[in-house]
Amino acid sequence: MLLNKIATAAFKATEDIVANAVIGSPDPNVVIQKKVKNLGVECIVRGYMWGSMAGLYEKGGRDICGLTMPDGLLRYQQLPEPIFTPTTKAETGPDENMTFAEVEELVGKDLAAQVRELSMKLYQRGCEVAAKAEPPLLFIDTKYEFGLDADNKLYLIDEVNTPDSSRLCSVAEYNEKWPKIAASAKDFKNVTELLNQKPELKVKEFSKQYVRDVLLEAGFKPGKEVPKLTEEQVVECTKRYIQVYESLTHEKFDYPLYSVSASTRLVNNLKHAGVIKGFCAIIAAGSNSDLGHMEKLSAALDTWGIPSKKRICSAHKQPSKLENLIATLNTSIEPVVIIGCAGGTDALSGTASFSSVFPVISCPPDGRNETCLTNVCFQDLPTEWEQHCACTPKVFST
């Protein structure tokens, strides 16, 4: 909710620089954006020696995304001018630094130059807004993402100038601590070692770095189970985001009071906005050879106004993909039914029914009924589900 409020204000503050993909926000926790194709580049702009760049620099690295950094810089130090340090947008694993030439190769020279220029302008606007905050904030670095629609029009997407995509800190705290850090750094190998000895000099960030630090201190490493945050840590993170929201927007954040659960509110608001029906069918098949049958099932569901999505995930060849799909669906606040569309022994439906918290219906392509819906029965659905169904629950019955 806080993140959406901050992002909404930031999108409005940058509309004169570049069009954004925001369509609306039917719920405080939801932002709907225009469908675009992500360029696959994280457009990062840095105004200070901070974060991962500072870590690399302290280890002797001077080549940052194809830019040669001068010797003698310190962590937390303002750079002579903001720099563009793009990275890949990895589907899995960490993002990797990119040179500007690599960005050009990926998206083309003209588009690469355009997103770099827009990123620098957006960062400058972020600095201006942060400087006018109450109390004033320092806009340290940030990340932008862009996408193209079907007509190749460029849009700013995801989020903009938020604590999740940016680093901010108090101008007053920075102005107090930076001179002390600069004066003391000569007695240490680098600023990180200085901060280990004098942690009171560490600058408090308003960003998700706080959560990263908490997890690292708890011993978290990539690939391992993520430690659970304590209630105190959640409160601290929330307080920082509230401070950013109130400082940047000059508006007081009022804690929302709702008479229904968050999940119920979300479903109701999204249904009212016409975004969802309040019910969805997932048609899962074992291979692309079943696509024709999947289309028939989807068309049949359309006649009753039931939205559906198609997924290929073989229980035999892609068991982990099927497991991940079921795990994701199990967290859905919207009621779901899984329609297994695999022939033979239909291991897909059997595997899905073992793990799914939602009903699983087997409609194999080699069934006798042309639409394979004659074995469907909604009569045993929980009463509360019937309120979300886009059709009469007993329409499909044996």
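Here is a short report on the structure shown in this document. (Residues numbered from 1 in each chain as written. Predicted model: local features only at pLDDT ≥ 70, side-chain atom pairs only at ≥ 80, totals over all residues. Heavy atoms only, no water.)

### Regarding the sheet that holds strand 13 (residues 308-312)
Argument step 1. Strand order in the open sheet formed by 4 strands is 13-12-14-15, and the pairing between neighbours is parallel. The open sheet has two free edges, formed respectively by strand 13 and strand 15 (360-362), since each of these has just one partner strand. Between one strand and the next, the sheet's axes are offset by a mean angle of 25 degrees, whatever the strand orientation.
Argument step 2. By the bridge criterion, 5 bridges tie strand 12 (residues 280-285) to strand 13 in an arrangement that is parallel. Each residue of the ladder has a partner; that of alanine 284, found in strand 13, is arginine 311.
Argument step 3. Against the sheet, helix 10 (residues 291-303) contacts strand 12, strand 13 and strand 14 (336-341), and its axis sits at roughly 165 degrees relative to strand 13. (Pairing = 2+ DSSP bridges. Helix = DSSP H or I, 4+ residues; strand = E, 2+ residues; numbered from the N terminus. Axes fitted to C-alpha atoms, helices over the stretch in contact; angles between N-to-C directions. Contact = heavy atoms within 4.5 Å.)

### A few points about the packing of helix 3 (residues 100-107) against helix 4 (residues 109-131)
Argument step 1. Two elements in contact, helix 3 and helix 4, have axes separated by 7 Å at closest approach and are oriented at 125 degrees. Accordingly, the angle class assigned to the pair helix 3 and helix 4 is oblique. For the pair helix 3 and helix 4, the sense of crossing is right-handed. Counted together, Phe100, Val103, Glu104 and Val107 of helix 3 and Lys109, Leu111, Ala112, Ala113 and Arg116 of helix 4 form the full contact between these two elements.
Argument step 2. Of the residues contributing to the contact of helix 3 with helix 4, the split by class is 6 nonpolar, no polar and 3 charged. (Parallel < 35°, antiparallel > 145°, perpendicular 65-115°, else oblique. Left-handed = near helix turned anticlockwise from the far one by under 90°. Nonpolar A, V, L, I, M, F, W, Y, C, P; charged D, E, K, R; others polar.)

### Focus on the packing of helix 1 (residues 2-13) against helix 8 (residues 231-249)
Argument step 1. Packing of helix 1 against helix 8 brings their axes to within 10 Å, and their N-to-C directions diverge by 25 degrees. Classed by the angle they form, the pair helix 1 and helix 8 counts as roughly parallel. In terms of crossing hand, the pair formed by helix 1 and helix 8 is left-handed. Seen from helix 1, the contacting residues are Leu2, Leu3, Lys5, Ile6 and Ala9; seen from helix 8, they are Thr238, Tyr241, Ile242, Val244, Tyr245, Leu248 and Thr249.
Argument step 2. In terms of residue class, the contact of helix 1 with helix 8 is built from 9 nonpolar, 2 polar and 1 charged.

### A closer look at the layout of surface pockets
Argument step 1. Computed from the structure, the largest pocket encloses a volume of approximately 1,800 Å³.
Argument step 2. For the largest pocket, the lining is made up of 47 residues, of which Gly51, Ser52, Arg167, Gln209 and Arg212 are closest to its centre.
Argument step 3. Looking at the lining of the largest pocket, the elements with two or more residues in it are strand 4 (41-48), helix 2 (51-58), strand 9 (137-148), strand 11 (166-170), helix 6 (191-197) and helix 7 (209-217).
Argument step 4. In terms of residue count, the dominant contributor to the lining of the largest pocket is helix 7 (9 residues).
Argument step 5. Class assignment of the residues belonging to the lining of the largest pocket gives a composition of 16 nonpolar, 12 polar and 19 charged.
Argument step 6. By volume, the second largest pocket is sized at about 480 Å³.
Argument step 7. Cys280, Lys309, Leu329, Ser332 and Glu334 are, among the 21 residues lining the second largest pocket, the residues nearest its centre.
Argument step 8. Those elements giving two or more residues to the lining of the second largest pocket turn out to be helix 9 (262-272), strand 12, strand 13 and helix 11 (319-329).
Argument step 9. Among the elements that line the lining of the second largest pocket, the one with the most residues is helix 11, at 5 residues. (1 Å grid on protein atoms, 1.4 Å probe; cavity = no way out; pocket = protein on both sides within 12 Å on 5 of 7 lines; lining within 4 Å. Points joined across faces, edges and corners; volume = space filled by probe spheres on them.)

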